[in-house]
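Below, each chain spelled out in residue letters.
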Amino acid sequence: MNTISRRSFLAGTAVAAGGLALPLPHIVRKAAAQDTITIGVVTPLSGPQQLLGNFVKLGAEIGADYVNANGGIAGKQVRLEFRDDKANPNDATVVTRELLGAGVNLHLGAIASPVSLVMGPLMQQEGGVHLTSGAGTEKLNHENYNDHVFRVGDGPYSRNAGLVRHIIQSNPEVDSWGGIIPDHEYGRTTWAIFVDAMLRFYPELTGREPKIEQPIMVPYASGDYKNFIAQAMRLPVKGIYTSVYGGDAVTLYQQAKPFGLFDKL
């Protein structure tokens, strides 16, 4: 099995926009006996987050096609091995071990925070590297930091703090907020950042204090948000923040429209 440390990976890697790493001299040296360089793509290809996983799959395929059409990596073609993690850490662990056992120890594609959080000890044990461009938990940078796992996109604080500043500047009259938040790691992280940023930036930009209600916590992959939308309709607020995403977000917005939630806020 090829072994890649975070330090050697970073030292020999320039990361392309789609998350595909170019060039990879360290990996190429380790893979010298192979005709191709195989990269694992572990992402949800079924279940409620399949919508996002399909985008990941398509992006990886576009990236690999581009690399291969331009000579590959040191003359070697890139081959992708896709596995379905269902955005579930247990399923992700099973398929990740399968890839690692086959000698594929560079993995892309994870979008779910719980998946990326369990990858640290596993990748460290097996000598692999896990890249995520979607997992939003701050624990990856703090209490669950592991040098075999890192994020190649923006972090949740920069994304949500920037969003809050934009909201305040464009809609300063919206001074009371509630939330519809998925009850999992990413949802709790984003709500905490939203509250922190709103309490900091709203007084700074308007000279007034905002009012923030307790969030409505919704189960992951609920499929039916009607009761939660009815709760939101009763909140004495002018704005609702939500970090429900993917197929769940589509369902939430479709179900909220007949209630008139968007007219109220």
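Before any of the text, the structure's been laid out above.
First things first, this report covers the structure right here in the doc. Fair warning: this is a prediction, and the values are worked out from it, not measured in the lab.

Moving on to helix H5 (residues 113-126). When the terminal C-alpha atoms of H5 are compared, their 20 Å separation across 14 residues agrees well with the 20 Å that a helix rising 1.5 Å per residue should span. Considering bend angle alone, the principal kink of H5 is centred on Met 119 and spans about 35 degrees; proline Pro 121 follows within four residues of it. If you check which residues of H5 are buried, you get Ser 113, Val 115, Ser 116, Leu 117, Met 119, Gly 120, Leu 122 and Met 123. On its buried face, H5 is in contact with helix H4 (89-101), strand E3 (106-110), strand E4 (129-132), strand E5 (149-151) and helix H7 (185-206). Immediately downstream of H5, the backbone of Gly 127 shows phi near 75 degrees, a positive value.

A separate point is H4. The end-to-end C-alpha separation of H4 is 18 Å, in line with the 18 Å expected for 13 residues at 1.5 Å each. Among the residues of H4, Ala 92, Val 95, Thr 96, Leu 99 and Leu 100 are the ones counted as buried. Along the long axis of H4, the arc covered by the buried residues comes to 140 degrees, so they all point the same way. In H4, the exposed positions that point more than 90 degrees away from the buried face belong to Asn 90, Val 94 and Gly 101. Packing partners of the buried residues in H4 comprise strand E1 (36-43), strand E2 (77-84), E3 and H5. For H4, the side-chain oxygen to backbone nitrogen distance between the N-cap and Asn 90 is 2.8 Å, and the N-cap itself is Asn 88. Count one or two residues on from H4 and you reach Gly 103, which has phi positive near 85 degrees.

Our next topic: the sheet that holds E4. Within the open sheet, the 5 strands sit side by side as E2-E1-E3-E4-E5. Their pairing is parallel. Because the sheet does not close on itself, it has two edges, and the strands there are E2 and E5. If you compare each strand with its neighbour and ignore which way they point, the axes differ by 25 degrees on average. When E3 meets E4, the two strands line up parallel, connected through 3 bridges. Each bridged residue has a counterpart across the sheet, and for Ala 110 the counterpart in E4 is Thr 132. Those strands touched by helix H3 (residues 50-69) are E1, E2 and E3, and its axis lies near 170 degrees from that of E2.

What counts as what
Residues numbered from 1 in each chain as written. Predicted model: local features only at pLDDT ≥ 70, side-chain atom pairs only at ≥ 80, totals over all residues. Heavy atoms only, no water. Helix = DSSP H or I, 4+ residues; strand = E, 2+ residues; numbered from the N terminus. Expected span 1.5 Å × (residues − 1). Bend = angle between axes of the 7 residues up to and from the residue. Buried < 20%, exposed > 50% of the residue type's maximum accessible area, 1.4 Å probe, protein only. Contact = heavy atoms within 4.5 Å. Arc of directions from axis to C-beta. Polar contact = N/O pair within 3.5 Å; in protein donor to acceptor, adjacent residues only side chain to side chain. Pairing = 2+ DSSP bridges. Axes fitted to C-alpha atoms, helices over the stretch in contact; angles between N-to-C directions.

Purely geometric stuff here, so don't read any function into it on its own.
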